[in-house]
Amino acid sequence: MSATAVAGLPKAMWGTALPQLRPRRVRPTWPSTTTAAVRQLSGGARVASAATGFAPSNRPAVDASGTPFNTTFQFSIPDKVGALDEVLGLLRRQGVSLTRIESRPARGRRGHYDIYIDFAAGSAVEVGRLRNALAGLASVDEINVVAGDSDVAGLDYRHVPWFPRKIADLDKFGDKVLSYGEELDADHPGFKDPKYRERRAEITAIARSYRHGMQLPYIKYTDEEIKTWGVVFDKVSALYPTHACKEHRYIFPLLVSNCGYRRDNIPQLEDVSRAFPADCTGWTIRPVMGLLSSRDFLNGLAFRVFHSTQYIRHHSVPLYTPEPDVCHELLGHVPLYADP
């Protein structure tokens, strides 16, 4: 097949008769400072909830034009029992109806969490009153108004929480994982396996040292890890014809042909990222230590970067994992990032 007939495909794929695949490159957009995910952390426990349970305010949430405007606060609290409950109690007493609450480890402040709340504000007075009320709590500090759809007199918008402005900035939160990675929960299948935990620590340390522009690290997988991959590979490959979407079914055979996808080999992120998504769609892959916050994961997507783990689930239950692992990333997500 001629080069003209396969425009947009890596050279390694010029022998694959799929002329309808074309590259599509999109200029990266700046990430939003808020996300739609709802995540609540308190006292070290992780809880996800789709609603807050607060009663709507008795005051009409409208501005001068009669339209509510969304407002986001960011503040920090210590990681101790009762700190978040104190904040939620104040919001309840103020009659605030939250649309989102999220927390993440505070940058540079060990033992603290940054809390983000979204709510519909009715006026600048209401926003100022709530900010002053939060400032009165002993456990709350560093209160910032992150976003709002209306001018709020007297509030300082200069102190916006950090977010990446260029792709290299993704290095700044590579080690800010919420859970898993090196540390395992007590109910994780590998929790009581010291050999597995040592191996996880080794792979996450490699991800921690990665910086943008470096070659993606190669992992020399053990026979046991490859065997676990093979069990998962065989199972999902048998299910794809009847359970996967057409885009996934279209791309997966190309990954098998060009990126080392097979039951006796765990593909390397460098080979997959360089030989396929980067050329076809502009997406790239970078290693990550574990589970990122929703905000950080979406910050990566804003630059067309997919954060992928490189460790694998515990061999005792190969068809189950409580977390993302290399099987989840390469067999589930990557095919769709390669589809233009």
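Residues numbered from 1 in each chain as written. Predicted model: local features only at pLDDT ≥ 70, side-chain atom pairs only at ≥ 80, totals over all residues. Heavy atoms only, no water.

## Things to note about helix H5 (residues 246–258)
Spanning 13 residues, H5 covers 19 Å between terminal C-alpha atoms, matching the ideal 18 Å at 1.5 Å per step. Of the residues making up H5, those classed as buried are His-248, Ile-251, Phe-252, Leu-254, Leu-255 and Asn-258. With its buried residues spanning 170° around the axis, H5 presents them on a single face. Turned more than 90 degrees away from the buried face of H5 sit Lys-246 and Ser-257, all of them exposed. Check the buried side of H5 and you find it contacts helix H4 (223–243) and helix H9 (326–337). Count one or two residues on from H5 and you reach Gly-260, which has phi positive near 75°. (Helix = DSSP H or I, 4+ residues; strand = E, 2+ residues; numbered from the N terminus. Expected span 1.5 Å × (residues − 1). Buried < 20%, exposed > 50% of the residue type's maximum accessible area, 1.4 Å probe, protein only. Arc of directions from axis to C-beta. Contact = heavy atoms within 4.5 Å.)

## Regarding the nonpolar core
Within the largest apolar cluster, 35 residues are counted, with the highest numbers of intra-cluster contacts made by Trp-229, Leu-255, Tyr-261, Phe-276, Leu-331 and Val-334. Among the elements of the structure, H4, H5, helix H6 (269–275) and H9 are those that each provide at least two residues to this core. When residues in this core are grouped by element, the largest group, six residues, is from H9. (Core = buried A, V, L, I, M, F, W, Y, C linked by side-chain atoms within 4.5 Å.)

## Quick look at the side chain of Ser-308
Summarising the element assignment, Ser-308 is placed in strand E10 (residues 305–308). Each residue touching Ser-308, except ones within four places of it in the same chain, is listed here: Leu-269, Ile-285, Arg-286, Pro-287, Val-288 and Glu-329.

## A short note on the packing of aromatic side chains
For any two aromatic rings, the description comes down to two numbers: the centre-to-centre distance and the angle of the planes. Per the counting criterion, the structure on display carries nine aromatic pairs. Aromatic pair Trp-229 and Tyr-261: ring centres 6.3 Å apart, planes at 70°, arrangement edge-to-face. Residue Trp-229 is found in helix H4, and its partner Tyr-261 is found in the loop between H5 and H6; the two are separated by 32 residues along the sequence. There is no split in this pair, since Trp-229 and Tyr-261 are both buried. (Phe/Tyr/Trp six-rings, centres within 6.5 Å; stacked < 30°, edge-to-face > 60°.)

## Comments concerning the environment of Asp-141
The topology assignment puts Asp-141 in strand E6 (residues 141–148). Sequence spacing of Asp-141 and Ser-76 is 65 residues, and the spatial spacing of their C-alpha atoms is 5.4 Å. Ignoring any residue separated from it by four or fewer positions in sequence, one finds Asp-141 in contact with Phe-75, Ser-76 and Arg-109.

## Things to note about the confidence of the model for the chain
Averaged over every residue, the pLDDT of the chain is 77; the share at 70 or more is 73%. Confidence drops under a pLDDT of 50 for residues 149–158, and excluding neighbours within four residues, the segment shows 17 contacts in the predicted structure. (pLDDT = per-residue confidence, 0-100.)

## What to know about unusual backbone geometry
Phi angles above zero are rare outside glycine, and Arg-304 is one such case at about 55°. Under the relative-accessibility criterion, Arg-304 is labelled buried at 14%.

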